[in-house]
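# Coordinates in review
This is what each chain is made of:
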Amino acid sequence: MKLKTTTPSLNIGTRSLSKVALKKALSLSIIASAFILPLSAEDYTFNDSSPDSRLGYIYGTPDKSFFPTLQTIDISNNNFIIQDSTNRIKGAIYGAIHNDINTELLNNTVTVKDGTVIGGGSDADSGSVFGSYSYMGKVTKNKVIIDSDSDTRRTTIKGSVYGGYSGANEVSENEVEITGISQSSSPVIEGSVYGGYAGGSETSKNNKVEVDIAEIQGDVFGGKSINGLADKNIVKISSGTIDGWVYGGYSENNLASNNEVEILNGIIKGSVYGGRSKGDTDGKVVHNTVKISAEKVGGFIYGGRSDSGSVTLNSVEISAGQVDGYVYGGFSENGLVSDNKVFISGGVLENYIYGGRSTKGLATLNSIKILDGNIKKNIYGGRSKDAKAVKNTVEILGGNIDANVRGGYSNNESAISNSIIISGGSISGDSIVGGQIRNISGLATDNIVTIKGTPSFTNAIIYGGANYDDYSDRDFTRLAKGNTLNFYSNGLSAKNIANFEFINFYLPANTKANDTMLTLTDTEDTD
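Cut-offs and rules
- Residues numbered from 1 in each chain as written.
- Predicted model: local features only at pLDDT ≥ 70, side-chain atom pairs only at ≥ 80, totals over all residues.
- Heavy atoms only, no water.
- Helix = DSSP H or I, 4+ residues; strand = E, 2+ residues; numbered from the N terminus.
- Buried < 20%, exposed > 50% of the residue type's maximum accessible area, 1.4 Å probe, protein only.
- Areas by Shrake-Rupley, 256 points an atom, 1.4 Å probe, with all protein chains shown as cover.
- Pairing = 2+ DSSP bridges.
- pLDDT = per-residue confidence, 0-100.
- Contact = heavy atoms within 4.5 Å.
- Core = buried A, V, L, I, M, F, W, Y, C linked by side-chain atoms within 4.5 Å.
- Salt bridge = Lys/Arg side-chain N within 4 Å of Asp/Glu carboxyl O.
- Phe/Tyr/Trp six-rings, centres within 6.5 Å; stacked < 30°, edge-to-face > 60°.

### Regarding the overall build of the protein
Secondary structure assignment for the protein yields two helices and 64 strands. When burial is assessed residue by residue, the protein has 57% of its 527 residues classed as buried. About 19,700 Å² of surface is accessible on the protein, with carbon and sulfur atoms providing 46% of the total.

In structure tokens form, the structure reads like this:
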């Protein structure tokens, strides 16, 4: 094979390598070319005994980085293992790096292990690890593995970790995997973690972050895009501590859809989002999921959230652990919120729970289902401040609810055709309300409350409709018309019932003569 001695070129946006950097890159290219076939792929381990000639300058900065041979052909299928405890890599690590819009960076893998410390330099990317980095081209199927396989040495990344990064093209099917032996010796990531990051208007899709155990001081993104779609990205956390927030998929100004977050254990200090968008017009958030059994989530949990777009078909499932913040199946500041779900089968929830909530948009067809768990604050099937809450549902089959229950709630509009079904559990709050309003012009009508089984709610008044500012309000047209109470149990007690047009008692099969179906303990009249 004949060595090429022409100067290789690497141009990152408007930044290019300095003359010193080019000389270094050329030297590196020739050294690597002497023993690598083909030139487009490389297997290499950089360890404590590797020569400094394996390091070079990126962007003309004095901080040394590790990156592949600088050739004018495609860079794919590289496999780099970094196990250097001497902290010689002050810059960044790149499994592949290129600038050409027509060059796809494909199937590169970087593994950092055995107590390696990356970073400490002055460059903006100092300490970061990239499976592949392109300013213009596609980045596909690259992977970063961060491992601490020793009880005494912690692999430390002082920057961020990217499975794949492109400044202006699609980023797809990239992965980050972080693993260790124990929490005390697990890898430390001082920045954030991205399965895939796409700049410009391009899509970040099918990327994945999997954390077996780690200490991550920044945020975690399955996939992130600035102006493009964030679709089908996944975050799975089995253990560890995350100081920041967790996003399955995040788009600054576009659709976030079909993303997933699953947290099996560990402590999340920030909030958790299945899908998140901030976009004004295209910022829809659709069909994202969050599953939680973590030790603790300190922030809020959102199946999906958008500042201005519609939020639909998102879900949250909680089976264990403590959640300090609010829980939303879906939330939007200005858009429609519909068909979002919250399912709770265990855990301690310290704050409010919403199937769906919007500040200015309609909240409809959202639902909450509770099998078990300890709920400390109010439950809302659907809520809107400035628009209607319609056809939302709360179903309670078990658990301890130390608060109130609302099928639908609107501050400034109407709460219509919402539903509450209670067949088990204990509710110690003072009110169960099918539909609630907080104004004198809205309606709380056509709501349904259904009681089955043997639940407990002895301290509660059960309302078809209610006015938050005056629970004694008995205006039939606004608060009772069309509201229905369906009662299938016997031997239960409540404080009172109010604002129902229809009350239906259905005798259970085990009902005997002189049985009492419902005892009301309030001294005030029942309406």
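### Thoughts on the pairing of strand E25 (residues 220-225)
Burial of E25 is extensive: six of the six residues sit out of reach of the surface. Here five bridges tie strand E21 (residues 193-198) to E25, and the two strands are oriented parallel to one another. By the bridge assignment, valine 193 is partnered in E25 with valine 220. Pairing of E25 with strand E29 (residues 246-251) involves five bridges; the strand directions are parallel. Within E29, the residue paired with serine 225 across the bridge is serine 251.

### Examining the sheet that holds strand E9 (residues 105-106)
The strands that make up a sheet are held in pairs by hydrogen bonds between backbone atoms, and each pair lies either parallel or antiparallel. Across the sheet, which stays open at both edges, the 12 strands sit in the order E9-E14-E18-E22-E26-E30-E34-E38-E43-E47-E51-E55 with parallel pairing between neighbours. Two strands lie at the open edges of the sheet, namely E9 and strand E55 (415-416), each paired on one side alone. One ladder, built from two bridges, connects strand E38 (residues 311-312) with strand E43 (residues 337-338); its direction is parallel. The residue bridging threonine 312 from the neighbouring strand is serine 338, located in E43.

### Section: the sheet that holds strand E28 (residues 241-242)
The 12 strands lie next to each other as E11-E16-E20-E24-E28-E32-E36-E40-E45-E49-E53-E57, forming an open sheet whose pairing is parallel. What marks the edges here is a single partner per strand, and that holds for strand E11 (117-118) and strand E57 (426-427). Alignment of E11 against strand E16 (residues 156-157), held across two bridges, turns out to be parallel. Considered in E16, the bridge of isoleucine 118 is made with isoleucine 157.

### Brief notes about the confidence of the model for the protein
In the predicted model, the protein carries a mean pLDDT of 88, and 89% of its residues have values of at least 70. Segment residues 1-39: pLDDT under 50, and 67 contacts once partners within four positions in sequence are set aside and those in other chains are kept.

### Digging into the nonpolar core
Core analysis: the largest hydrophobic core is formed by 72 residues, its most contacted members being Val272 and Ile301. Those residues in contact with isoleucine 301, other than ones at most four positions away along the chain, are Val272, Val290, Ile292, Val316, Ile318, Val323, Tyr326, Val327 and Tyr328. Ranked by size, the runner-up nonpolar core spans 21 residues in total, among them Tyr94, Ile97, Tyr250 and Tyr409.

### Structural notes on the pattern of salt bridges
Inspection of the entire model under this criterion finds 19 salt bridges. Between glutamate 177 and lysine 143 there is a salt bridge, with its nearest N and O atoms 3.3 Å apart. One end of the pair, glutamate 177, is in strand E19 (residues 175-180); the other, lysine 143, is in strand E15 (residues 143-148), and 34 residues separate them in sequence. In this structure glutamate 177 comes out as partly exposed when scored by relative accessible area, which is 28%. Where aspartate 231 meets lysine 232, a salt bridge forms, and the shortest distance between an N and an O atom there is 3.1 Å.

### A few points about the packing of aromatic side chains
Two measures describe an aromatic ring pair: the distance that separates the ring centres and the angle between the ring planes. Following the criterion strictly, the structure yields 40 aromatic pairs and no others. Centroid distance tyrosine 247 to tyrosine 273: 4.9 Å. Interplanar angle 10°. Geometry classified as stacked. Taken as a pair, tyrosine 247 in strand E29 and tyrosine 273 in strand E33 (residues 272-277) lie far apart in primary sequence, 26 residues in all. On the basis of relative accessibility, which here comes to 6%, the residue tyrosine 247 falls in the buried class. Using a relative accessible area of 3% as the deciding quantity, one classes tyrosine 273 as buried. Arranged with centres 5.2 Å apart and planes meeting at 80°, the rings of tyrosine 326 and tyrosine 352 form a pair that is edge-to-face. Placement of tyrosine 326 in the loop between strand E40 (322-323) and strand E41 (327-328) and of tyrosine 352 in the loop between strand E45 (348-349) and strand E46 (353-358) is noted, with a sequence separation of 26 residues between them.

### Remarks on the pairing of E33
By the criterion of burial, E33 is predominantly enclosed, with six of the six residues buried. Where E29 and E33 come together, five bridges link them in parallel fashion. Residue pairing for E33: glycine 249 is matched across the bridge by glycine 275. As judged from the five bridges shared by E33 and strand E37 (residues 301-306), these two strands associate in the parallel manner. Within E37, the residue paired with serine 277 across the bridge is serine 306.

### Let's talk about the environment of glycine 121
Note that glycine 121 resides in the loop between E11 and strand E12 (129-130). With relative accessibility at 27%, the residue glycine 121 sits in the partly exposed group. Taking the C-alpha atoms as reference points, glycine 121 and serine 65, 56 residues apart in sequence, are found 9.7 Å from one another. With residues up to four places along the chain from it excluded, the contact list for glycine 121 reads Asp63, Lys90 and Ser126.

### With respect to unusual backbone geometry
A positive phi angle, close to 60°, is found at aspartate 114, a residue other than glycine. Structurally, aspartate 114 is set in the loop between strand E10 (109-112) and E11. One non-glycine residue, asparagine 499, lies in positive phi territory at about 60°. Residue placement: asparagine 499 occurs in the loop between strand E62 (492-498) and strand E63 (502-505).

### Quick notes on the environment of glycine 361
Mapped onto the elements of the fold, glycine 361 is located in the loop between E46 and strand E47 (363-364). On a C-alpha basis, the gap between glycine 361 and leucine 336 in space is 4.7 Å, while along the polypeptide they are 25 residues apart. Setting aside chain neighbours within four positions, we find glycine 361 in contact with Asn334, Gly335, Leu336, Ser384 and Ala387.

### Points about the environment of isoleucine 82
For isoleucine 82, the position within the fold is in strand E6 (residues 79-83). A C-alpha to C-alpha distance of 7.3 Å links isoleucine 82 and threonine 116, two positions 34 residues apart in sequence. Dropping the residues within four chain positions of it, isoleucine 82 is found in contact with Phe46, Phe66, Ile89, Ile93, Val110, Thr111, Val112, Lys113, Thr116 and Ile118.

### Points about the side chain of serine 332
Following the sequence through the fold, serine 332 ends up in strand E42 (residues 331-332). Residue classification places serine 332 among the buried positions, given a relative accessible area of 0%. Not counting the four nearest positions on each side in its chain, serine 332 is found in contact with Ser306, Asp307, Ser308, Gly309, Val311, Val337, Arg357, Ser358 and Thr359.

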